[in-house]
Amino acid sequence: MTTANDVLSALQSAFPGAIEEAKVAPERQLWATIKPDRIVDVCKYLRDNHSFDHYSGAAGVDRINDGLFEVTEMLASHGAHQVVALLKVKTKRENPSVKSLTGLYWNANWYEREIWEMLGINFEGHPELYPLLLSDELVGVWPWRKDYKGYPDYNTADRAIEKVNPEGYTDYSFGPTEAEIKAGTVPTERPEYPTFREREEMEIKGESEMILHMGPQHAVVPGPFLLDILVDGERVKKAFLDVGYIHKGIEKIMENRTYMQGIPITDRLCYMAALTNNEAYCGAVERLLGIEAPERAQYIRMILEELSRIQSHLLGTGEFLTLIGSAVFSPFLYMIIDREDILSCIESVTGARINHSFVRFGGVRNDLPEGFKDMTLDALKKIRLKTEEYKELFLSDSIYRKRMEGVGVLTPAEARRLGVSGPPLRASDTPYDMRREDPYLLYKDMDFEVITRKEGDSRARVEVRLDEIFESCYIIEQCLDQISDGPIMAEGLPKKIKPEPGEAYYRVEDHRGEMGFFVVSDGSEKPVKVKARGPVYAYFQALPPLLEGTYIADVVAIAGSMDACTSEVDR
Amino acid sequence: MVLSAITEFAAQEPKLYALILGLVGAAIIASVINVAAMAVVWLERKVMGDLQARYGPNRVGGRWGILQLGADAIKLFTKEDIIPRGADKPVYVWAPIVASATTMLVAGAMPFGAVIINGREIPLVVANMDISAFYVEAALSIMAISAFMAGWSSNNKYSMLGAFRGIARMIAYEVPMGICVISVAVMAHSLNLVEIVQAQDVWFAVAQPLGFVVFAIALITDLGRMPFDQTEAEEEIIAGYNTEYSGIRFGLLYFQEYNMMLLGSILLVNLYLGGWNGPVIPVISFLSPMVWFFMKLLIVLVALIWVRVSLLRFRIDQVTDLGWKVLLPLSMVNLVWAVAVGLYFA
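Criteria and thresholds
Residues numbered from 1 in each chain as written. Chains lettered and ligands numbered in written order. Predicted model: local features only at pLDDT ≥ 70, side-chain atom pairs only at ≥ 80, totals over all residues. Helix = DSSP H or I, 4+ residues; strand = E, 2+ residues; numbered from the N terminus. Rg over C-alpha atoms; globule rule 2.2 N^0.38 Å. Buried ≥ 20, exposed ≤ 12 C-beta atoms within 10 Å, placed from the backbone. Contact = placed C-beta atoms within 7 Å. Axes fitted to C-alpha atoms, helices over the stretch in contact; angles between N-to-C directions. Parallel < 35°, antiparallel > 145°, perpendicular 65-115°, else oblique. Nonpolar A, V, L, I, M, F, W, Y, C, P; charged D, E, K, R; others polar. Arc of directions from axis to C-beta. Domains from an automatic or database assignment. Pairing = 2+ DSSP bridges. Core = buried A, V, L, I, M, F, W, Y, C linked by C-beta atoms within 7 Å. Left-handed = near helix turned anticlockwise from the far one by under 90°. Expected span 1.5 Å × (residues − 1).

Draft legend 1. Up close: the overall build of chain A. A tally of regular secondary structure across chain A gives 19 helices and 17 strands. Relative to the 2.2 N^0.38 estimate, which gives 25 Å for 571 residues, the radius of gyration of chain A is 24 Å and therefore close to what a compact globule would have. Principal-axis analysis of the C-alpha atoms gives chain A an extent of 70 × 55 × 50 Å. Among the 571 residues that make up chain A, the fraction classed as buried is 47%. Expressed as a percentage of contacts within chain A between residues at least 6 apart in sequence, the contacts between residues at least 24 apart total 67%.

See the structure below:
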């Protein structure tokens with residue numbers, strides 16, 4: 001199996017002089033700084049010769065003290081080896097520009113767009129450098145730069161400019177006042193680009209085509225985002241996705257908090273996956289600190305994360321069924337009832353049902369309460385029976401199969417190209433699971449199966465989720481068997497956490513896929529940069545190509561089977 | 001004395017008497033049907049609640065929530081009636097009225113059970129016409145037109161898609177449904193619903209099991225209930241044809257659906273489940289046909305609700321596929337069967 005050192009030596013021999021500094025730490029992670037003009041060649045070499053076929057994300061860091069921007073490209077492989085390559089490119093703060101990787105990796109598109117709109121780093125060769133998360137008024141102020149002073153509140157009523165359009169409706173727009181432009185607190189130069197509406201209207205051809213809005217308020221959306229479909233009758237010709245309606249700027253908020261204060265914020269990334277988000281963030285900071293949680297704490301984390309996975313999969317499946325069925329479709333409510341038992345188990349440890357803030361750097365907050373083992377085993381027994389029932393129900397229901405089979409098919413190659421992860425990827429016959437690929441906690445000692453399906457359609461995605469519930473039950477039972485007494489916090493941890501300057505990347509298997517946290521420290525008590533690489537971001541990017549050529553009713557069946565969560569996209 | 005005066009009047013002015021009788025009957029039917037539809041809404045919410053392990057309405061009107069529907073109705077009738085600026089106003093305004101008128105048309109010819117007076121069975125029906133089965137079938141399909149009026153005139157994309165779906169579905173399902181009615185008529189030797197009921201010594205559901213199944217599926221489609229509610233699939237097109245409606249007009253469209261559900265169930269009971277036929281119950285022999293009728297009706301209604309909460313929605317192309325490629329041939333087979341069996345036993 002290829003190790004990170006093999007890749008590094010191969011790189012150094014293939015590109016002498018292009019690699020400025022490089023290290024392998026911890027094992028399986030290759031950190032390298034690449035000369036800006038060679039980054040595309042290096043990535044192409046890695047993709048073609050070392051099967052780095054998974055573009056995991058990119059993070060932009062503002063090194064204001066050095067007068068530099070850094071863009072870290074994260075590459076990994078879909079099962080060929082376990083090395084993660086984190087390739088850093090530096091660029092000057094004046095007219096920053098980096099070469100785009102969209103030619104190599106299709107899914108680099110959204111990551112680069114985000115960095116562009118937030119930091120103002122231009123990506124040469126990017127096909128559609130339009131804002132993604134920011135509203136049009138904010139483009140050009142580059143809010144994630146360190147010297148960003150905040151921006152006047154555009155959304156106050158006295159700034160609203162009313163305009164009555166020819167059809168008789170009132171439009172509102174917002175803009176800086178003359179005084180602000182004179183004082184120089186707002187940029188006068190803004191990038192020019194076609195707006196979202198203009199881009200989609202360009203695609204309308206013919207009298208019978210129209211744009212149908214699904215969102216920002218619509219039954220199909222799990223949170224506010226805009227899914228516009230160009231339809232001809234019942235056929236979808238093209239789909240457009242606009243996100244950012246509830247963008248919270250979590251990454252920027254975390255830069256202004258101490259490390260510890262960041263934990264509750266990670267809860268809010270996604271309401272279904274608070275524990276894994278905690279885990280990903282704490283894991284990254286633990287790597288920076290160079291500590292590891294004691295064994296008992298690791299077991300507790302694993303138990304809770306798997307419990308959380310069960311409840312998330314139950315709710316995700318149930319919600320999806322209400323989408324293709326109706327709002328009164330019964331199994332959804334049955335799944336909510338089953339989920340209660342799991343939530344009670346989690347609640348007995350963490351004291352909370354949704355936002356746990358439970359994981360700590362080097363351990364966990366509480367120990368397991370008395371009677372937890374029996375309670376959990378009882379709940380698991382029930383869940384197993386119920387899940388078996390649901391599976392049988394869906395396998396035997398002919399309408400269900402009619403609606404699901406062959407809908408939204410992702411071939412393995414296509415799934416890898418689009419960069420999806422988690423159940424949708426595994427449903428496309430790719431056994432890619434962070435618990436196996438990038439083992440964290442004690443998952444390497446656990447006996448479990450990575451569930452895959454061959455079909456890659458909506459039904460396979462739901463089946464993968466239901467089967468994963470069984471695997472999670474099995475993992476929890478093993479953990480409860482093996483867990484022994486001991487401390488739950490690492491010793492010798494200072495009250496004020498100030499990691500050494502450096503960077504760390506930590507990936508976990510979220511309920512929805514690959515969740516990674518990239519944390520940069522400069523030795524102070526606040527992180528320089530926290531980047532959350534979420535799985536739903538990748539799904540959303542992959543959604544429009546999947547929807548082309550389907551029926552309107554299939555839009556629901558495909559989008560729902562992805563088990564999306566908007567709040568994580570609009571971090 | 002009053003009775004004799006009426007008989008005298010009837011003998012003198014038979015046409016006027018028939019007109020007055022018809023108007024009185026229509027008034028009774030109109031009020032009874034609407035109140036009964038409210039009861040159906042309540043029943044649906046309560047049964048749905050039970051099937052989904054929750055309570056359903058349980059606040060307004062005691063622990064059974066009996067007055068909930070009254071409260072809902074008052075709310076709907078006092079809300080602002082919004083007409084969108086871009087709507088085709090006359091059509092938009094008239095669509096709900098056409099919809100409720102349709103239900104009254106159907107209700108007029110529908111027998112609602114019978115009572116036994118002096119050993120004679122008197123069917124409860126306002127207009128006992130010779131072709132009532134055919135007439136009811138024809139009037140039922142006007143419903144799709146009112147939905148189309150509502151959808152088209154709203155000037156809304158979702159409404160328009162809902163209206164298109166409604167028409168496509170109507171065409172696909174009226175044909176097998178009509179053929180099923182013909183099969184029943186062939187066996188009963190009549191198109192009169194009362195005579196069809198009286199002809200059922202053996203329920204037609206037993207005599208024509210295939211026809212029963214086809215008719216039941218087509219009926220659910222016609223009523224636009226799950227799994228065939230594509231016209232108002234809220235997960236896809238918000239609320240379909242009634243997206244833009246509010247206030248009393250929405251209320252009319254909404255109640256019309258439940259009126260239709262009630263009338264459709266009655267039609268099913270009359271055509272296939274022997275209507276009010278059943279053994280005479282000793283103590284209340286006067287009402288015994290009504291008891292049987294309502295028992296059957298309740299079972300059909302609960303079955304419809306059960307189907308709604310336990311099945312997923314078809315896609316619109318799958319619905320039309322099912323209609324044209326499966327139900328139409330099956331209904332033809334059933335017609336042949338009905339003719340053959342009818343000739344054999346005739």
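Draft legend 2. Fine view of the overall build of chain B. Along chain B, the regular secondary structure elements total 14 helices and two strands. Rg of the C-alpha trace for chain B: 21 Å, near the compact-globule value of 20 Å for 346 residues, within the 12% margin. Projected onto its principal axes, the C-alpha coordinates of chain B cover approximately 60 × 55 × 45 Å. A sequence separation of at least 24 residues applies to 77% of the contacts in chain B between residues at least 6 apart.

Draft legend 3. Looking closely at the packing of helix α9 (residues 295-324) of chain A against helix α18 (residues 552-561) of chain A. Residue and element names in this part refer to chain A. At a closest axis distance of 9 Å, the pairing of α9 and α18 adopts a crossing angle of 175°. Relative to α18, the element α9 lies roughly antiparallel. Contact residues: α9 offers Phe320, Leu323 and Ile324, while α18 offers Val556, Ala557, Gly560 and Ser561. Among the residues making up the contact of α9 with α18, the classes are represented as five nonpolar, two polar and no charged.

Draft legend 4. Local environment of helix α2 (residues 39-49) of chain A. Residue and element names in this part refer to chain A. If you check which residues of α2 are buried, you get Ile39, Val42, Cys43 and Leu46. Along the axis of α2, the buried residues cluster in a sector spanning 95°; they form a single face. Away from the buried face of α2 by more than 90 degrees, exposed residues Asp48 and Asn49 are located. For α2, the secondary structure elements touched by its buried residues are α1 (4-14), β2 (29-34), β4 (68-76), β5 (84-92) and β6 (97-99). Within two residues after α2, serine 51 carries a phi angle of roughly 45°, on the positive side.

Draft legend 5. How the structure looks around unusual backbone geometry. The phi dihedral of A:Asn95 falls on the positive side, at around 45°, and the residue is not glycine. Relative to the elements of secondary structure, A:Asn95 occurs in the loop between β5 and β6. Within the chain, B:Ile238 stands out as a residue other than glycine whose phi angle is a positive 60°. When you line up the elements, B:Ile238 lands in the loop between α11 (234-237) and α12 (247-272). The class of B:Ile238 is buried, set by 23 C-beta atoms lying within 10 Å.

Draft legend 6. Seen up close, the domain arrangement of chain A. One can read the domain layout of chain A as domain 1 (4-138), domain 2 (157-242) and domain 3 (250-569). Here the C-alpha centre of domain 2 of chain A lies 31 Å away from the C-alpha centre of domain 1 of chain A.

Draft legend 7. How the structure looks around the sheet that holds β5(A). Residue and element names in this part refer to chain A. Across the sheet, which stays open at both edges, the five strands sit in the order β1-β2-β5-β4-β3 with mixed pairing between neighbours. The strands lining the two open edges of the sheet, one partner per strand, are β1 (19-24) and β3 (54-63). Each strand axis lies, on average, 20° off the axis of its neighbour in the sheet, ignoring direction. Summarising the sheet, β4 and β5 pair through eight bridges and their orientation is antiparallel. Residue pairing across strands places glutamate 70 opposite lysine 90, the latter belonging to β5. Each of β3 and β4 is contacted by helix α3 (residues 108-119), which is oriented at about 10° to β3, the strand it contacts most.

Draft legend 8. Representation of the interface of chain A and chain B. Across the contact, 24 residues belong to chain A and 24 residues belong to chain B. Sorting the residues of the side of chain A that touches chain B by element identifies β10 (209-214), α9, α10 (330-350), α12 (398-404) and α18 of chain A as the ones contributing at least two each. Here the element with the most residues in the side of chain A that touches chain B is α12(A); it accounts for four residues. By residue class, the composition of the side of chain A that touches chain B is 17 nonpolar, four polar and three charged.

Draft legend 9. A look at the nonpolar core. Ranked by size, the top nonpolar core spans 253 residues in total, and within it A:Ala85, A:Ala284, A:Leu543, B:Met110, B:Val136, B:Phe215 and B:Leu268 carry the most contacts. For this core, the element with the highest residue contribution is helix α7 (residues 157-188) of chain B, accounting for 16 residues. Setting aside anything within four residues of it in sequence, one finds A:Ala284 in contact with A:Ala504, A:Tyr505, A:Tyr506, A:Phe517, A:Phe518 and A:Val519.

Draft legend 10. How the structure looks around the sheet that holds strand β17 (residues 529-533) of chain A. All names here are of chain A. With antiparallel pairing, the three strands of this open sheet are ordered in space as β15-β16-β17. Two strands bound the open sheet, and with one partner strand each, they are β15 (502-509) and β17. Averaged over all pairs of adjacent strands, the angle between their axes in this sheet comes to 10°, without regard to strand direction. Sheet strands in contact with helix α8 (residues 274-289) are β15 and β16 (514-521), and its direction is about 150° off that of β15.

Draft legend 11. Summary view of the packing of α10(A) against helix α11 (residues 372-396) of chain A. All names here are of chain A. In contact at an axis separation of 10 Å, α10 and α11 are set at 160° when each is read in the N-to-C sense. Classified by the angle their axes make, α10 and α11 are roughly antiparallel. α11 is crossed by α10, and the crossing has left-handed handedness. Across from Pro331, Asp338, Asp341, Ile342, Cys345, Ser348 and Val349 in α10, the residues of α11 making contact are Phe372, Met375, Thr376, Ala379, Lys382, Ile383, Lys386, Tyr390 and Leu393.

Draft legend 12. Representation of the pairing of strand β2 (residues 120-123) of chain B within the structure. Residue and element names in this part refer to chain B. Note: strand β1 (residues 114-117) against β2, four bridges, orientation antiparallel. Counterpart to isoleucine 117 in the pairing with β2 is arginine 120. Where β1 hands over to β2, the hairpin turn is made up of two residues, of which asparagine 118 adopts a positive phi near 55°.

Draft legend 13. View of α11(A). All names here are of chain A. Helix length check: α11 (25 residues) gives 36 Å between terminal C-alpha atoms against 36 Å at 1.5 Å per residue, within 8%. Here α11 has its buried residues at Thr376, Ala379, Leu380, Ile383, Thr387 and Tyr390. The inward-facing, buried residues of α11 contact α9, α10 and α16 (458-482).

Draft legend 14. Spatial organisation of the environment of B:Val302. Residues and elements named next belong to chain B. As for its position among the elements, valine 302 is in helix α13 (residues 288-310). Residue valine 302 is classed as partly exposed on the basis of its C-beta count, with 15 C-beta atoms lying within 10 Å. When the C-alpha atoms of valine 302 and alanine 139 are compared, they prove to be 24 Å apart, with 163 residues separating the residues in sequence.

Draft legend 15. Layout of the environment of B:Ala114. Residues and elements named next belong to chain B. Tracing the backbone through its elements, the reader meets alanine 114 in strand β1. You can call alanine 114 buried: it has 24 C-beta atoms within 10 Å. Sequence separation between alanine 114 and glycine 275 is 161 residues; the distance between their C-alpha atoms is 9.2 Å. In this structure, alanine 114 is in contact with Glu121, Ile122, Pro123, Leu124, Trp276 and Pro289, ignoring residues within four places of it in sequence.

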